[in-house]
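Fold and contact review
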Amino acid sequence: MGQFAILGLIAIGGAVGACSRYLVSEWCVTLFGRNFPYGTLTVNIVGSFIMGLLIASFENEWLAPYPWRQIIGLGFLGALTTFSTFSMDNVLLMQQGAFFKMGLNVLLNVLLSISAAWVAYQWLVRG
């Protein structure tokens, strides 16, 4: 299958994932209000759960990687949340017994990502 077909599969999954993220976020605001990012937390947890199911399905040969990796893994979950990939990266490190690397990955991703967002925000707001 060609690159354009693969990109098409990712785009279809991505469109559904992006719309799902919006709908889940709005639903969480309706249920819980805006005093905590419940929508983000929800999509991160759900996306991580789906990623775990997807990878296990590939490993147990219950599901063929193609085209589901592109549609669900890269497209849908990529748009719903990138946290699912982060979670699976850490699960794999844990399975390898690389607990230091896992801890470092968690620490660096959280601290550096939040810092990068803060720096970018400050740069634009403060000039």
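Residues numbered from 1 in each chain as written. Predicted model: local features only at pLDDT ≥ 70, side-chain atom pairs only at ≥ 80, totals over all residues. Heavy atoms only, no water.

Keep this limit in mind: UniProt positions are given in the numbering used here, feature names are shortened, and annotations may be inferred rather than shown by experiment.
By the naming in an unreviewed UniProt entry, the protein chain is Fluoride-specific ion channel FluC, taken from Vibrio furnissii. Quoted verbatim from the Function (unreviewed entry) field of the UniProt record, the comment on the protein chain reads "Fluoride-specific ion channel. Important for reducing fluoride concentration in the cell, thus reducing its toxicity."

1. Side note on a nonpolar patch on the surface
The following threshold applies: Like charges within 9 Å and nonpolar side chains (Val, Leu, Ile, Met, Phe, Trp, Tyr) within 5 Å are joined into patches, using only residues over 30% in relative accessible area that form no salt bridge. Here, Shrake-Rupley sampling with a 1.4 Å probe gives the accessible areas, and only protein chains in the shown set may cover a residue. By salt bridge we mean one thing: a side-chain nitrogen of Lys or Arg within 4 Å of a carboxyl oxygen of Asp or Glu. By definition, any uninterrupted DSSP run of H or I lasting at least four residues is a helix, any uninterrupted run of E lasting at least two residues is a strand, and each is numbered from the N terminus. Burial here depends on accessible area, computed with a 1.4 Å probe over protein chains only, as a share of the maximum for the residue type. Under 20% is buried, over 50% is exposed, and the range in between is partly exposed.
On the surface, V106, L107, V110, L111 and I114 cluster together into a nonpolar patch covering about 430 Å² of accessible area. Structurally, L107 can be placed in helix α5 (residues 99-126). Residue classification places L107 among the partly exposed positions, given a relative accessible area of 46%.

2. Some remarks on the side chain of N90
Formally: What qualifies as a polar contact is a pair of N or O atoms within 3.5 Å, subject to a donor-acceptor requirement within protein and to the restriction that residues adjacent in sequence count only when both atoms come from side chains. Residue contacts are counted whenever heavy atoms from the two residues lie within 4.5 Å of one another.
Among the structural elements, N90 can be located in helix α4 (residues 83-95). Residue N90 is classed as buried on the basis of its relative accessible area of 6%. Engagement of the side chain of N90 in a polar contact is seen with the backbone oxygen of F86, the distance being 2.9 Å. Discounting chain neighbours no more than four positions away, the residues touching N90 are M102, N105 and V106.

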